[in-house]
Amino acid sequence: MTTTDGFAVVRTSGEFKLVAQRDFPAGSRLFGVDGQITEEPTRYSVQVGAGIHLDLPGGHAPEELMDRFFWRFTNHSCAPNAQLRGRAFFALRPIEPWQEITFHYESTEFEMAEPFDCRCGDATCFGRIQGFKFRTDDERELLRPMLADHLLAMLNVVHR
Ligand SMILES: [Zn+2]
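Under an unreviewed UniProt entry, the name given to the protein is SET domain-containing protein, and the source organism is Kutzneria kofuensis.

And the structure:
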């Protein structure tokens, strides 16, 4: 387990995940995201703007990856407790110690480098997670409350 400020990266059943280590109220800032800017998404990048992705820079020791880039261990959920706003994650609802921090990958990613089949089991589960680009108008409305600014702007244009 690696501890950072208020968060820990843990590994259970071979899967890494990011968990809270204290209470975070709804709406509070959780942590910022930082990395190397790329124009194309990768397996680990997060999209923070139109054509702007933050990826892990190469050449860093594992300890530094865990400490500085721990955001990349934030897993997907179709019923997440966090959302990206600007270049930081914020709590969508109250988060308690040891709860996993998750966000909806399609709330930030327009088209994912590595789509996958979600098995979160939530009633709102989209199944195949591949990017906002592939969602229907109704599905995009479901995502609206958690959308990052660059996708929200796109949604507003579509409906104008
Ligand atoms: Zn799901």
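(A) Up close: the overall build of the protein. Of regular secondary structure, the protein possesses three helices and 13 strands. With the principal axes as the frame, the protein shows a C-alpha extent of 45 × 35 × 30 Å. In the protein, which comprises 160 residues, the share counted as buried stands at 43%. Pairs at least 24 residues apart make up 53% of the contacts formed inside the protein by residues separated by at least 6 positions. The distance from the centre of the 17 positive side-chain charges to the centre of the 23 negative ones in the protein is 1 Å.

(B) Molecular detail of the nonpolar core. In this structure, Phe 7, Leu 30, Phe 31, Phe 89 and Ile 101 are the most contacted members of the largest nonpolar core, which totals 37 residues. When residues no more than four places from it in sequence are discounted, the contact partners of Leu 30 are Phe 7, Phe 24, Ala 82, Phe 89, Phe 90, Ala 91, Ile 95 and Ile 101.

(C) Here's a closer look at the sheet that holds strand β4 (residues 29-32). Pairing is antiparallel across the open sheet formed by three strands, whose spatial order is β4-β10-β9. Edge positions in the sheet fall to β4 and β9 (82-85), since each of these pairs with one other strand and no more. Ignoring which end each strand starts from, the neighbouring axes of this sheet average 30° apart. Two elements, β4 and strand β10 (residues 88-91), share three bridges in a ladder whose sense is antiparallel. Residue pairing across strands places Gly 32 opposite Ala 88, the latter belonging to β10.

(D) Seen up close, the environment of Ala 123. For Ala 123, the location among the structural elements is in the loop between β12 (116-117) and β13 (128-129). Between the C-alpha atoms of Ala 123 and Cys 78, which are 45 residues apart in sequence, the distance is 8.7 Å.

(E) How the structure looks around the coordination of the zinc ion. Binding of the zinc ion to the protein goes through Cys 78 (SG), Cys 118 (SG), Cys 120 (SG) and Cys 125 (SG), at separations of 2.3 to 2.4 Å. Considering all four donor atoms around the zinc ion, angles at the metal cover 104 to 114° and the coordination shape is tetrahedral. Read in sequence order, the donor residues coordinating the zinc ion give the pattern C-x39-C-x1-C-x4-C. Taking the relative accessible area as the measure of exposure, Cys 118 reaches 12% and is therefore buried. Exposure remark for Cys 120: the relative accessible area of 36% places this residue in the partly exposed category.

(F) Layout of the pairing of strand β6 (residues 46-49). Bridge count between β6 and strand β7 (residues 52-55): three bridges; the pairing is antiparallel. Bridge pairing in β7 links Gln 47 to His 53.

(G) Spotlight on the pattern of salt bridges. A complete count under the given rule lists eight salt bridges for this structure. When the shortest N-O distance is used, the salt bridge between Glu 106 and Arg 135 registers 2.5 Å. Here Glu 106 is found in the loop between β11 (102-103) and β12, whereas its partner Arg 135 is found in the loop between β13 and α2 (137-143), with 29 residues between them in sequence. Each of Asp 34, Glu 64 and Arg 68 takes part in a single network of salt bridges with overlapping partners.

Criteria and cut-off values
- Residues numbered from 1 in each chain as written.
- Predicted model: local features only at pLDDT ≥ 70, side-chain atom pairs only at ≥ 80, totals over all residues.
- Heavy atoms only, no water.
- Helix = DSSP H or I, 4+ residues; strand = E, 2+ residues; numbered from the N terminus.
- Buried < 20%, exposed > 50% of the residue type's maximum accessible area, 1.4 Å probe, protein only.
- Contact = heavy atoms within 4.5 Å.
- Lys, Arg positive; Asp, Glu negative; His and termini not counted.
- Charge placed at Lys NZ, Arg CZ, Asp CG, Glu CD.
- Core = buried A, V, L, I, M, F, W, Y, C linked by side-chain atoms within 4.5 Å.
- Pairing = 2+ DSSP bridges.
- Axes fitted to C-alpha atoms, helices over the stretch in contact; angles between N-to-C directions.
- Donors = N, O, S within 2.8 Å, 3.2 Å for Na, K, Ca; no water.
- Tetrahedral: all angles 85-135°; square planar, octahedral: opposite > 155°, others 65-115°.
- Salt bridge = Lys/Arg side-chain N within 4 Å of Asp/Glu carboxyl O.

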